[in-house]
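# Working through the structure, step by step
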Amino acid sequence: MKHRLQFAGKKLLRMALLLLGVSLAAFLLMSASPLDPLQTNVGQAALGSMSQEQIAQLEDYWGVNTPLAERYLGWLFSALQGDFGTSLLYRQPVLQIIGERLANSLGLLLFAWVLSGILGLTLGVLAGALRGRWPDKLVRGWCLLISSTPTFWLALLLLTVFAVWLGWFPSGLSVPIGVEADSVTALERLRHAVLPALTLSITGVSNIALHTREKMVDVMESDYVLFARARGESLPAIVLRHGLRNVALPAITLQFASVSEIIGGSVLVEQVFSYPGLGQAAVTAGLGSDMPLLLGITVLTAAIVFGGNVAADLLYGVVDPKIRRGAAKA
Amino acid sequence: MEPILQVEHLSISFSQYHRGTRKRTLPVIHDLSFSICPGQVTAVVGSSGSGKSLLAHGILGILPYNSALEGTILYQGTPLTQRRAEQLRGREIVLVPQGVTYLDPLMEVGPQIRKGRRDPRSKARSRAVLERYGLGPEVEKRYPFELSGGMARRVLIASAVVEQPKLILADEPTPGLDARAASRILGHFRELAEDGAGVLLITHDLELALTIAHRVLVLYAGETIEEASAADFSAGRLRHPYTRALWAALPQNGFTPIPGTQPYPGEISDGCQFAPRCPRCRPECRGPGPVPYVPRAGGWVRCRFPEGGEAL
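Predicted, not measured: the structure shown is a model, and the values here were computed from it. (Residues numbered from 1 in each chain as written. Chains lettered and ligands numbered in written order. Predicted model: local features only at pLDDT ≥ 70, side-chain atom pairs only at ≥ 80, totals over all residues. Heavy atoms only, no water.)

## As for the domain arrangement of chain A
Residues and elements named next belong to chain A. Assigned domains of chain A: these are domain 1 (17–80) and domain 2 (95–329). The straight-line distance from the C-alpha centre of domain 1 to that of domain 2 is 35 Å. At the junction of the two partners, domain 1 supplies 15 residues and domain 2 supplies 14 residues. Where domain 1 abuts domain 2, roughly 1200 Å² becomes buried across the two surfaces, and 81% of that area is made up of carbon and sulfur atoms. Looking at the side of domain 1 facing domain 2, the largest losses of area belong to L19, M30 and W75, adding up to 42% of the total buried there. (Domains from an automatic or database assignment. Contact = heavy atoms within 4.5 Å. Buried area = accessible area lost by both parts, 1.4 Å probe.)

Okay, here's the thing in structure tokens:
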């Protein structure tokens, strides 16, 4: 029990430090941005027709004249009290915007995460078990092709083929245009999410498949697989009984590490598909100098990624008998 | 008695890339012949790098993909083809490997011994073999990392004999064990032979091999240089200078080392491989042509001028 508490305490401390560092880095980068919030958001022409008082008011609103330390510490103390401020662009509480955007993105992210995990693991195990044969060459070729393809370009390609040429799916947004929000069906939402989710999955697969393949090759060359063969176990039996079992641990690491890649990819993909999710909000906030919103999104996504890694650590304890039995004895 | 396994002129070689792009074949075992009778323990003795483990893998048909096998292997008088080996391995022909790394680290011992079968008969059988080697039923629930070295060896033997094999290939079953544990493990093999199985014991430890083996086969640089009965050693009837040197290097026989090292595969020269280290080497030993493997005084020898005899 003491061991568990120590583990949890260490993790929490690490998470606090990580979030502090990430928010500070995002803040400093944003402050160093050459974009002038007034020119970007109000426009040169509008600024020219304003009085000095009006401009001063706007500068106050965008926090241009407040010292950096004061701005950051002000944000930090409110954030610690649970108040992430109000978005400068949307004029709504940051948490409310994040909540709405996350609700839109979550399905997308989860679908992409699960699908790329399952596909990546299957293809990787298959390629590793049949190393050097044609399924292996096919999987490897496909993965190398995909990993050298930029995500946004792949998104454009899918958009062109399935939305423009074939017309199977809508070309953007998360709901149909000109329909009341209440009357949008779940099926409509699903149809809008398919292409972005597919893009994210496809890019996620190659990394997981190639890493899983490497591990599977190691397993197939191990002493225990040699012994299994010597004992007359067939290749499918070896893959199912020994391969999957021993690939499971690295697969868990890969799967939870891919959370950050999926979230990172969603920024680009949502932009291409004009999908009003968290990734798109991050881009809007960054380009529009909306400091509270950007910091809110940064901190939240960092927390999600960190949470993923903690989940992987916890699952290790369930899957790896060395940790499980060791902890039970301690 | 009809031998259960006959190996005739067996050669195993690897193809590998040499200096980047040139492919070359590396002979590891060359012109190996012997036979094993039921009820007998035949030891194959050689220092590391002499290709001993590959011999077992070759018989089982589990050599790596970049290797090639030539020669004949007869099992119960019929050629042991790849297909036949696949059918027989794990059932009639079993391997007892070196150590705990040959067990799946993430699987409990019981399911490994049973190869995943869950029927009551298999369970009773795995219990029985574990008990035979002094391991309680609680061992079934353990993971390999929870076994001691000696327990792991006994689990490996148990997993091999759970099928009641006729031919047992034991690949270095004793390293890392103290003398008492090692002789107990070897005793198990002797016992299996007494029950009627043929046992091939692959080891680098001549002293331990002699405690249980009926016949001893000495490998040098991938070739068999002598086949002798266990009694020939203590009676001083050894035929080959290398075997004599091995015998003399044992602590109780003077602890006398011989200079030099065994040639690596790929460094094979013409004539006798042992010539550079042989105290009795003559000009004719260095070739041309390989030295023939010939029967002599109840054993076999690969030497032009064997001990205790005139030139062949």
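## Here's the deal with the confidence of the model for chain B
On average, chain B scores 86 in pLDDT, and the residues at 70 or more come to 98%. Complex prediction metrics read pTM 0.82 and ipTM 0.87. (pLDDT = per-residue confidence, 0-100.)

## Regarding the sheet that holds strand β12 (residues 299–301) of chain B
Residue and element names in this part refer to chain B. Pairing is mixed in the open sheet, where eight strands are placed in the order β6-β7-β8-β3-β9-β10-β12-β11. Every interior strand has two partners, whereas the edge strands, β6 (93–96) and β11 (294–296), have only one. Across the sheet, the mean angle from the axis of one strand to that of its neighbour is 25°, orientation sign disregarded. Direction of pairing for strand β7 (residues 167–171) relative to strand β8 (residues 198–203): parallel, over a ladder of five bridges. Its bridge partner lying in β8, L167 is registered against G198. Its contacts with the sheet put helix α9 (residues 241–248) on β3 (41–45), β9 (215–220) and β10 (223–229), and the angle it makes with β9 is roughly 105°. (Pairing = 2+ DSSP bridges. Helix = DSSP H or I, 4+ residues; strand = E, 2+ residues; numbered from the N terminus. Axes fitted to C-alpha atoms, helices over the stretch in contact; angles between N-to-C directions.)

## Things to note about the interface of chain A and chain B
Taken together, the contacts link 20 residues of chain A with 32 residues of chain B. Of the roughly 2300 Å² buried where chain A meets chain B, counting both sides, 56% is carbon and sulfur surface. Across the contact surface, chain A and chain B share zero salt bridges. Viewed at the interface, chain B and chain A are joined by eleven residue pairs in polar contact (both at pLDDT 80 or more). Elements that contribute at least two residues to the side of chain A that touches chain B include exactly α10 (223–230), α11 (235–272) and α14 (321–329) of chain A. At six residues, the largest contribution of residues to the side of chain A that touches chain B is made by α10 of chain A. Among the residues making up the side of chain A that touches chain B, the classes are represented as five nonpolar, three polar and twelve charged. (Salt bridge = Lys/Arg side-chain N within 4 Å of Asp/Glu carboxyl O. Polar contact = N/O pair within 3.5 Å; in protein donor to acceptor, adjacent residues only side chain to side chain. Nonpolar A, V, L, I, M, F, W, Y, C, P; charged D, E, K, R; others polar.)

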